Amino acid sequence: MGDSGRGSPASVSHNTDPLSAYESNVTVRVVTTTSRRDVSKSVPLRDVFCDQRWANAVDDSPLQGHFLSTMTYDEFSHQPKSRVLSYRADKCARFELIDVNDPAHQITWVNETHIPLACLDTPQTKTGWTHLWIDVLHALGDPATTENSYALHNRLCLAVTVLPQSWLTGDPDTCHRAFGRAWVCKEIAFGRVDRDALDLFFETAVVTHAAQTKGLRWDGEPEDLRGPRLLARLIGRRPKAANSEEASDPDVAIAALEWWARVHNANVKSGKAENNRGVARRYTLSPAAARKALETASASSPASDTGKESPYQTAIIQIANDASEEDTDDECSLQLKELMYNLQGRQLSDDPAVNAANLEKDPALAWHVICAYASDAFFEATDAYFCSLGVLALACGFDPIGDPLGAWKQKFFRNGKTPPRDRNGKLHFRIEDVDVTVLDNNHAVLRKAWEVLAPRSSWEGIPECLRGVVFVDHARVDWSTRPPGTASLGLGPVPASLMTRGGFAPVGPFFGFDFSKAPNGHRKVGELRGGCGTGRAVTTRGLGDVTGEDGKSFPELTKGVLCPKTYAEEVYEISQTHGGGGG
């Protein structure tokens, strides 16, 4: 991406064209179910990398017999069954110098690259996909192409339906691990998601809930319910859905699973489950999920009179009506349809000006943006510079998000080399290699969010699901390991004197960084939380504990903190703790 983020701060929406109006003839490489008519533009997937390990992995995967094809962005984005894959980079294979069969005839070999073979574990969905964009196969493991594809990935996440691979597994633990990836803040936060995958995700949560509760009312703590907790994590990743009327109740995740089960059971009893037409089929378990439900539920239905449906497909799901007790079946069906619609659809407007205006006034969207930037579950820590902000900046018409290390990386690419890495495979750079101008321009997006959050005095307007369902979803930061310049989540250099004796660094009347529970008393690991602002510090420890060493109070010290500024001071201070290294 280089220094594409240079320019004026993203104070206003610069691009006013509808997002759907974008056109491009840039070349993309996608997995296709069949070869293109022009066979020179397709390569059998097993032959892409000239390594037997790759060929064996393809042959043993659901993508056996598929092709890697090249086409323009416009061709791909307008395919009715095109998808963008969201997946965990597991089962990585390290390839040294190997030849590559590139359908675009641009990349002939790669060296010292890692290919996550887990991307191949992607089965077909019920309605099927025909074109699948997988980032690592688009770049073919070439570092320069990977760097240049980040902007393309941002565009695709808004224009093309996203297929979350983990949702197709039916395994709740796999889904939880996928939510722990920082990249989901980009991939599944704002665009459309595949409806078949969403249905399977719901089935997973329902089956998990039924198995845990055994059809009885839950007497334990609500947060211990595994199925609802899984669904709540999804709602918390989708800001429009989290802010919808259907999700306004704190028990929405429990209620939604009860809605799903009640609609499914009503369909089974009325015989609609045998009808392959109509929306009713969506809320009937797939054979595999139904089999699991039958094994764990306390009752099941016999086979239908036609004999065409197995007992598994007509299993009654045993979930007690607790949160939905006062709702009729019709009300459950209506609320479920609305929630599914909000979860599946794009979370932002097609109009960049509308999105930019919402960012300046919607506390739920602002909190989502700040929390996403705090996510740091990357293999390469410096991906935090651009991962979570790119899609939002694009949707708002702001300047493109740049990589503060982009110019440094390009020096190597121009000479046919790759940036140096340490023995752990992480980028090895100096603090001086960080372009603070690019960093500051990127953080203009975050400052918009802080302008909404900093003055607030409560959680009002921020749904509970957005605040973090499990600990890893919280806005937790480690100031000693974050990439240089990102520790304060866009606030810029924060005076050390802002830290109170109780371990709080307020950023407003209500919000603040809580370092009071940092391991071993070291004030470097904190969490952005509500109720940790200046109001708490004044009421619990007295006004004197909120003033810095120079006697100035919080508002005086942070005057202008939301204005554009350079990060040279912060980068320099962090370099002292990093010992001049990075990553």
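Relevant structure appears above.
Not measured: the values here are computed from a predicted model.

Undergrad: Before we go on, may I ask you to explain the sheet that holds strand S10 (residues 162-164) in this structure?
TA: In a beta sheet, neighbouring strands are held together by backbone hydrogen bonds and run either parallel or antiparallel to one another. An order of S2-S3-S1-S9-S4-S10 is seen for the 6 strands of this open sheet, with the pairing classed as mixed. The sheet terminates laterally at strand S2 (42-44) and S10, the two strands that pair on one side only. When strand polarity is set aside, the average angle formed by the axes of neighbouring strands in this sheet is 35 degrees. Two elements, S2 and strand S3 (residues 67-72), share 3 bridges in a ladder whose sense is antiparallel. Paired with Ser42 across the bridge in S3 is Ser69.

Undergrad: Please clarify how the pattern of salt bridges should be interpreted in this entry.
TA: Close approach of charged atoms lets side chains of opposite charge pair. In this structure the tally under the stated criterion is 24 salt bridges. Between Arg430 and Asp433 there is a salt bridge whose closest N-O contact spans 3.8 Å. Residue Asp514 pairs with Arg529 through a salt bridge whose shortest N-O separation is 2.6 Å. Linking Asp514 in strand S13 (residues 511-514) with Arg529 in strand S14 (residues 525-530), this pair joins segments that are 15 residues apart in sequence.

Undergrad: I keep staring at unusual backbone geometry and nothing clicks. Help me out?
TA: Across residues other than glycine, the phi torsion is negative in most instances, and most of the peptide bonds are trans. If you check the backbone angles, Lys91 has positive phi at about 50 degrees while not being a glycine. Relative to the helices and strands, Lys91 is located in the loop between strand S4 (82-86) and strand S5 (92-95). Of note, Lys214 is a non-glycine position whose phi angle comes to about 55 degrees, a positive value.

Undergrad: Just to check I follow, could you spell out the layout of surface pockets for this structure?
TA: Vacant regions in the atomic arrangement are exposed by a probe of water-molecule size rolled over the atoms. Computed from the structure, the largest pocket encloses a volume of approximately 1600 Å³. Lining the largest pocket are 43 residues, and of these His114, Thr146, Tyr150, Phe379 and Arg421 lie nearest its centre. Considering each element in turn, the lining of the largest pocket owes the most residues, 4 residues, to helix H4 (residues 143-148). Tallied by class, the residues present in the lining of the largest pocket amount to 19 nonpolar, 11 polar and 13 charged.

Undergrad: What is the right way to look at the side chain of Ser77 in this model?
TA: Position of Ser77 among the secondary structure elements: in helix H2 (residues 73-77). A polar contact of 3.3 Å, which involves the side chain of Ser77, links it to the backbone oxygen of Asp74. Apart from residues no more than four positions distant in its own chain, Ser77 is found in contact with Ser82 and Val160.

Undergrad: I would appreciate a short explanation of the nonpolar core in the present structure.
TA: In summary, soluble globular proteins display a tendency toward joint burial of nonpolar side chains. Core analysis: the biggest nonpolar cluster contains 138 residues, and Leu45, Phe49, Trp54, Trp167 and Phe202 have the highest contact counts within it. Residues within four places of Phe202 in sequence aside, it is in contact with Leu231, Ala256, Leu257, Trp260, Leu336, Leu339, Met340 and Leu343.

Undergrad: Would you take a moment to explain helix H18 (residues 436-453) for this structure?
TA: One full turn of an α-helix is made of 3.6 residues, so residues set three or four places apart face in the same direction. With 18 residues, H18 should reach 26 Å at 1.5 Å per residue; the first-to-last C-alpha distance of 24 Å fits that figure. Along H18, the helix axis deviates most sharply at Val445, where the bend reaches about 35 degrees. The opening residue of H18, the one whose side-chain oxygen lies 3.0 Å from the backbone nitrogen of Thr437, is Asp435.

The rules behind the values
- Residues numbered from 1 in each chain as written.
- Predicted model: local features only at pLDDT ≥ 70, side-chain atom pairs only at ≥ 80, totals over all residues.
- Heavy atoms only, no water.
- Pairing = 2+ DSSP bridges.
- Helix = DSSP H or I, 4+ residues; strand = E, 2+ residues; numbered from the N terminus.
- Axes fitted to C-alpha atoms, helices over the stretch in contact; angles between N-to-C directions.
- Salt bridge = Lys/Arg side-chain N within 4 Å of Asp/Glu carboxyl O.
- 1 Å grid on protein atoms, 1.4 Å probe; cavity = no way out; pocket = protein on both sides within 12 Å on 5 of 7 lines; lining within 4 Å.
- Points joined across faces, edges and corners; volume = space filled by probe spheres on them.
- Nonpolar A, V, L, I, M, F, W, Y, C, P; charged D, E, K, R; others polar.
- Polar contact = N/O pair within 3.5 Å; in protein donor to acceptor, adjacent residues only side chain to side chain.
- Contact = heavy atoms within 4.5 Å.
- Core = buried A, V, L, I, M, F, W, Y, C linked by side-chain atoms within 4.5 Å.
- Buried < 20%, exposed > 50% of the residue type's maximum accessible area, 1.4 Å probe, protein only.
- Expected span 1.5 Å × (residues − 1).
- Bend = angle between axes of the 7 residues up to and from the residue.

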